[in-house]
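Close look at the chain arrangement
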Amino acid sequence: ELVIGDVIPADAILLGPGDPLQVDQAALTGESLPVNIHPGGKVKMGSAVKRGELKAVVCATGANTFFGKAADLLNIEDTQGRFQKILFKITLALLFISL
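In this report, we go over the structure that sits alongside the text. Numbering of residues starts from 1 in each chain and follows the order in which that chain's sequence is written. Given that the model is predicted, a residue must reach a pLDDT of at least 70 before its local features are reported, and side-chain atom pairs must reach 80 or more before they are shown or counted; all residues, however, enter totals for whole chains, interfaces and linings. In computing side-chain properties, one takes all heavy atoms of the structure into account and sets aside hydrogens as well as water.

1. Here we look at the sheet that holds strand 2 (residues 21-24)
- Pairing is antiparallel across the open sheet formed by three strands, whose spatial order is 3-2-5. In this open sheet, the two edge strands, each paired with only one partner strand, are strand 3 (35-37) and strand 5 (48-51). Direction aside, the axes of adjacent strands within the sheet are offset by 45° on average.
- Paired strands are those between which DSSP finds at least two bridges. Here a strand is any run of E in DSSP of at least two residues, a helix any run of H or I of at least four, and the numbering for each starts at the N terminus. In terms of strand pairing, strand 2 meets strand 3 through three bridges, oriented antiparallel. Across the sheet, the residue bridging to Gln22 is Asn36, located in strand 3. To get an axis, fit a line to the C-alpha atoms, keeping to the stretch in contact for a helix; angles then go from 0 to 180 degrees between the N-to-C directions.

What follows is the structure, given as structure tokens:
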């Protein structure tokens with residue numbers, strides 16, 4: 001059950017009947033105002049309940065959540081491209097010449 005002040009621990013689907021839940025998703029979506037999510041709608045992990053009470057069933061956890069998928073997109077490998085390797089070799093050669 002989600003109540004006022006709860007931080008939603010996983011992606012979940014709201015169960016009804018009941019009034020819509022007002023949820024603050026600013027940290028996830030950048031939306032400055034709370035959004036109304038009706039029963040049957042999906043709430044995202046990391047959101048905060050601002051108004052209302054509803055039961056919910058978890059539909060995704062961990063890397064399968066909206067937040068987890070967004071974090072996975074930011075996981076960039078730090079590999080050097082061919083151009084960077086050539087520039088590094090030129091820089092080393094100029095360094096040795098200057099000494």
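2. A closer look at the pattern of salt bridges
- Any Lys or Arg side-chain nitrogen found within 4 Å of a carboxyl oxygen on Asp or Glu counts as a salt bridge. The final tally for this structure, using the stated rule, is one salt bridge.
- A salt bridge links Lys55 to Glu1; the shortest N-O distance between them is 3.8 Å. Of this pair, Lys55 sits in strand 6 (residues 55-60) while Glu1 sits in the segment before strand 1 (11-15), and the two are 54 residues apart along the sequence.
- You can call Lys55 exposed: its relative accessible area is 51%.
- Looking at Glu1, the relative accessible area reads 57%, which means it is exposed. We call a residue buried when its accessible area falls under 20% of the maximum for its residue type, exposed when it is over 50%, and partly exposed in between, using a 1.4 Å probe and counting protein chains only.

3. Focus: the packing of aromatic side chains
- For Phe, Tyr and Trp, rings pair up if their centres lie within 6.5 Å, where Trp contributes its six-membered ring, and each pair is then called stacked (planes under 30 degrees apart), edge-to-face (over 60) or tilted (otherwise). Counted under the stated rule, the structure contains zero aromatic pairs.
- A ring is considered to have a charge above it if a Lys NZ or an Arg CZ atom is located within 6 Å of its centre and within 35 degrees of its normal. In this structure, Lys44 is placed above the aromatic ring of Phe66, and the distance from its NZ or CZ to the ring centre is 5.1 Å.

4. Examining the sheet that holds strand 4 (residues 42-43)
- Judged by pairing direction, the sheet is antiparallel, and its three strands sit side by side in the order 4-1-6 without closing on themselves. Only two strands of the sheet have a single partner each, and these edge strands are strand 4 and strand 6.
- Alignment of strand 1 against strand 6, held across five bridges, turns out to be antiparallel. The residue of strand 6 that forms the bridge with Ala12 is Val58.

So yeah, pure geometry; function would need other evidence.
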